[in-house]
Amino acid sequence: MLSSGASGGIASLLFFDGGSALYAGGSFWAQNNLQAFTTQCAATAEDLGGGCPSSGGANHLVASKHAWLESDARLSATGLPGAAIVATVVGFSQYATPLALSSLLAQGVPGCSLLAVPDVVGVAAAADGRADFRFAVPAQPALIGAEIFGQFVPAELGPPGIVAMTATNTVKLTVGSF
């Protein structure tokens, strides 16, 4: 909830505590020219596990920018194969039973599963074992508290084409708002 108190311009804004608190510096009626704003609807990210390794390492996905209403969210992966095309999977639910990649494609590595339901699938190129995917969270109040599941599926390239399909862990984002 925002409170009043600015008696002049705001010099800077900083987010802390995982993005759930906003600190504004400037001229205020508050103590020490610093005013704190908090939210009851914080954007969060949770690692649900489920990834499997690739030739590049651990295939690890994180939310590098949380899903705030009227902002961009960003998922970032590391430990991917050096040469790969990555399917960026984003959905509003997850499979009750993980979908084995080896049951979908001959290149699917046994033990690697798709957990996020693919409502939206994008494509990214892995560079130095890293890939990012950014998506907009529209200004729709009905989305506050909505859960978004993200997972990357790298297709490792080599002669004669795709040589292995692996998967990152799944990350659950909860949409927040100030």
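Relevant structure appears above.
Here's a quick rundown of the structure. Predicted, not measured: the structure shown is a model, and the values here were computed from it.

### As for unusual backbone geometry
So, step 1. That bond from P159 to P160 is cis: its omega, 10°, falls within 30 degrees of zero.
So, step 2. With respect to the helices, strands and loops of the structure, P160 is situated in the loop between β12 (147-158) and β13 (161-165).
So, step 3. Residues other than glycine seldom take positive phi values, yet N59 does so here, at roughly 50°.
So, step 4. Mapped onto the elements, N59 comes out in the loop between β4 (44-49) and β5 (60-65).
So, step 5. The phi dihedral of D128 falls on the positive side, at around 55°, and the residue is not glycine.
So, step 6. Relative to the helices and strands, D128 resides in the loop between β10 (120-125) and β11 (131-137).

### What about the environment of Q107?
So, step 1. Inspection of the secondary structure assignment puts Q107 in the loop between α1 (101-104) and β9 (113-116).
So, step 2. Since its relative accessible area comes to 30%, Q107 is described here as partly exposed.
So, step 3. The spacing of Q107 and A155 is 48 residues in sequence and 8.5 Å in space, taken between C-alpha atoms.
So, step 4. Once you skip the residues sitting within four places of it in the chain, Q107 turns out to touch I162, V163, A164 and M165.

### A few points about a nonpolar patch on the surface
So, step 1. On the surface, I85, V123, L157 and I162 cluster together to form a nonpolar patch covering roughly 350 Å² of accessible area.
So, step 2. Following the sequence through the fold, V123 ends up in strand β10.

### Details of the state of the cysteines
So, step 1. The full count for this structure, using the stated rule, is 1 disulfide.
So, step 2. Note that C52 is cross-linked by a disulfide to C112, the S-S spacing being 1.9 Å. In this structure the cystine formed by C52 and C112 twists about its S-S bond by roughly 115°; its chirality is therefore right-handed. Placement of the pair is C52 in the loop between β4 and β5 and C112 in the loop between α1 and β9, with a sequence separation of 60 residues.

### Observations regarding the nonpolar core
So, step 1. With 23 residues, the main nonpolar core has L75, V86, F135, V137, F152, L173 and V175 as its most contacted residues.
So, step 2. The set of elements that each furnish at least two residues to this core consists of β5, β6 (71-78), β7 (84-91), β11, β12 and β14 (170-174).
So, step 3. Here this core takes 4 residues from β11, the largest share from any one element.
So, step 4. L101, F149, V153 and M165 belong to the second-largest nonpolar core, a separate cluster that totals 11 residues.

### A look at the pattern of salt bridges
So, step 1. The final tally for this structure, using the stated rule, is 3 salt bridges.
So, step 2. Linking K172 and E46 is a salt bridge whose minimum nitrogen-to-oxygen distance equals 3.5 Å. Within this pair, whereas K172 is found in strand β14, its partner E46 is found in strand β4, the two being separated by 126 residues in sequence.
So, step 3. The class for K172 is buried, based on a relative accessible area of 18%.

Basis of the calculations
Residues numbered from 1 in each chain as written. Predicted model: local features only at pLDDT ≥ 70, side-chain atom pairs only at ≥ 80, totals over all residues. Heavy atoms only, no water. Helix = DSSP H or I, 4+ residues; strand = E, 2+ residues; numbered from the N terminus. Buried < 20%, exposed > 50% of the residue type's maximum accessible area, 1.4 Å probe, protein only. Contact = heavy atoms within 4.5 Å. Patch = residues over 30% accessible without salt bridge, like charges linked within 9 Å, V, L, I, M, F, W, Y side chains within 5 Å. Areas by Shrake-Rupley, 256 points an atom, 1.4 Å probe, with all protein chains shown as cover. Salt bridge = Lys/Arg side-chain N within 4 Å of Asp/Glu carboxyl O. Disulfide = S-S within 2.5 Å. Core = buried A, V, L, I, M, F, W, Y, C linked by side-chain atoms within 4.5 Å.

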